[in-house]
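# Remarks on the overall topology
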Amino acid sequence: MAMDKNSGVVSLLDMVETGIYLLVALFLGIMALMTFFIVALDLSQFVSGASLDIIDMALNSLLVTLIIAALIQTVIVYIKVRTLDLRLILSVGLTAMIRRVLVFGVEKTITWEQMAVTALLILVIILGIWLVGDKKAQA
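Below is a summary of the structure that appears in this document. (Residues numbered from 1 in each chain as written. Predicted model: local features only at pLDDT ≥ 70, side-chain atom pairs only at ≥ 80, totals over all residues. Heavy atoms only, no water.)

## Some points on the overall build of the protein
For clarity, the cut-off: In this description a helix means any DSSP run of H or I spanning at least four residues, a strand means any run of E spanning at least two, and both kinds are numbered starting from the N terminus. The cut-offs for exposure are 20% and 50% of the maximum accessible area for each residue type, with area from a 1.4 Å probe on protein chains only; residues under the lower value are buried, those over the upper are exposed, and the others partly exposed. Under the convention used here, a 1.4 Å probe and the Shrake-Rupley method define accessible areas, while residue burial counts only the protein chains that appear.
What the protein contains, in helices and strands, is four helices and two strands. In the protein, buried positions account for 24% of the 139 residues. Summing over all exposed atoms, the protein offers an accessible surface of approximately 9500 Å²; the carbon and sulfur share of this is 75%.

## Description of the packing of aromatic side chains
What counts is decided by this rule: Aromatic contacts are taken between Phe, Tyr and Trp rings whose centres are within 6.5 Å, Trp giving its six-membered ring; a plane angle under 30 degrees counts as stacked, one over 60 as edge-to-face, and the others as tilted.
Evaluated as defined, the whole model comprises one aromatic pair. Ring geometry for Y21 against Y78: centres 4.8 Å apart, planes inclined by 45 degrees, an arrangement best described as tilted. In this pair, Y21 is assigned in helix α1 (residues 2–44) and Y78 in helix α2 (residues 52–81), connecting sequence segments 57 residues apart. Among the residues examined, Y78 registers a relative accessible area of 6% and is labelled buried.

## Considerations on unusual backbone geometry
The phi dihedral of R82 falls on the positive side, at around 55 degrees, and the residue is not glycine. Position of R82 relative to the elements: it lies in the loop between α2 and β1 (83–85). The exposure class of R82 is partly exposed, given its relative accessible area of 22%.

Below, the structure written as structure tokens:
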């Protein structure tokens, strides 16, 4: 009898967890749509004259959209198969680091230490992607 009660609690908690992940995916989807709106606003500034700053702002916003899309994909994969795709998670990190490098290109007050740490993180993430291969983490 206790076994049935525990399985009911586990089932309920599993449904709550899935519901939370669905809400996260929904909010990430809304955020992705908002970033497209921001990209459109950035690109609308081309009417007044094209500049590298406008392109950089739009590219930065698009990379944020890609990061959000990869997070949505991670959540969907987890909901479907209850495993984490480690390459996908590392790819999100790599995209974030690339975005950081592009932001560095616009900023004028970047120290060599910040750039060195970013380069090291990019190398570690690339090495992680290579080492992980197609492995999945059971959650």
